[in-house]
Amino acid sequence: QVHLVESGGGLVQPGGSLTLSCTATLNAFTVIAMGWYRQAPGNERELVARVTRGGNTDYADSVKGRFTVSRDYAMNLLYLQMNSLKPEDTAVYYCNADGYEAGVGRREYWGQGTQVTVSS
């Protein structure tokens, strides 16, 4: 069973920082990558940052140098440190797990999302 729960969203002023956390239950699931996606009103869901099983990271161009994704493998936690936040970062942020589920095959799972609002 796979279950993802995000936390840490909220309202922050431009230039401020937030850290999002994702608590993952990953029973019978081999992770290929875990990451953060976001969706703003009227827009499609987009990749923000992800980290592969081997520790490689990918970032959207719009967040490079400002956001950092990291994973605590022992505690099954995924983090997104967001600095120098801009109003255009406002969105619902979702945790994602991509991998192989025993007896099922390749699957993706999503958390319920956490709202991040950047506004003065």
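Here is a short report on the structure shown in this document. Since the structure is predicted, the reported quantities are computational estimates derived from the model, not experimental observations.

Looking now at the nonpolar core. Counting 30 residues, the largest nonpolar core has Leu4, Met34, Trp36, Leu80, Met82 and Tyr93 as its most contacted members. Among the elements of the structure, strand S1 (2-7), strand S3 (18-26), strand S4 (29-39), strand S5 (46-52), strand S7 (67-72), strand S8 (77-82), strand S9 (91-101) and strand S11 (114-118) are those that each provide at least two residues to this core. For this core, the leading source of residues is S3, giving five residues.

For the structure shown, the criterion picks out seven salt bridges. Note that Asp58 and Arg50 form a salt bridge whose closest N and O atoms lie 3.2 Å from each other. Each of the salt bridges in this network shares a partner with another, and the network as a whole consists of Arg38, Glu46, Arg66 and Asp89.

Right, let's talk about the sheet that holds S7 for a bit. Strand order in this open sheet of four strands is S1-S3-S8-S7, and the pairing throughout is antiparallel. Strands at the two margins of the open sheet, each flanked by one partner only, are S1 and S7. Between one strand axis and the next, the sheet turns through 15 degrees on average, direction left out of account. Looking at chain direction, S1 and S3 are connected through six bridges and run antiparallel. Residue pairing for S3: Leu4 is matched across the bridge by Ala24.

Quick look at the environment of Thr68 now. Position of Thr68 among the secondary structure elements: in strand S7. With a relative accessible area of 42%, Thr68 lands in the partly exposed category. For Thr68 and Gly8, which are 60 residues apart along the polypeptide, the C-alpha to C-alpha distance reads 15 Å. Excluding anything up to four places from it in sequence, Thr68 contacts Tyr59, Tyr79, Leu80 and Gln81.

What counts, and at which threshold
Residues numbered from 1 in each chain as written. Predicted model: local features only at pLDDT ≥ 70, side-chain atom pairs only at ≥ 80, totals over all residues. Heavy atoms only, no water. Core = buried A, V, L, I, M, F, W, Y, C linked by side-chain atoms within 4.5 Å. Buried < 20%, exposed > 50% of the residue type's maximum accessible area, 1.4 Å probe, protein only. Helix = DSSP H or I, 4+ residues; strand = E, 2+ residues; numbered from the N terminus. Salt bridge = Lys/Arg side-chain N within 4 Å of Asp/Glu carboxyl O. Pairing = 2+ DSSP bridges. Axes fitted to C-alpha atoms, helices over the stretch in contact; angles between N-to-C directions. Contact = heavy atoms within 4.5 Å.

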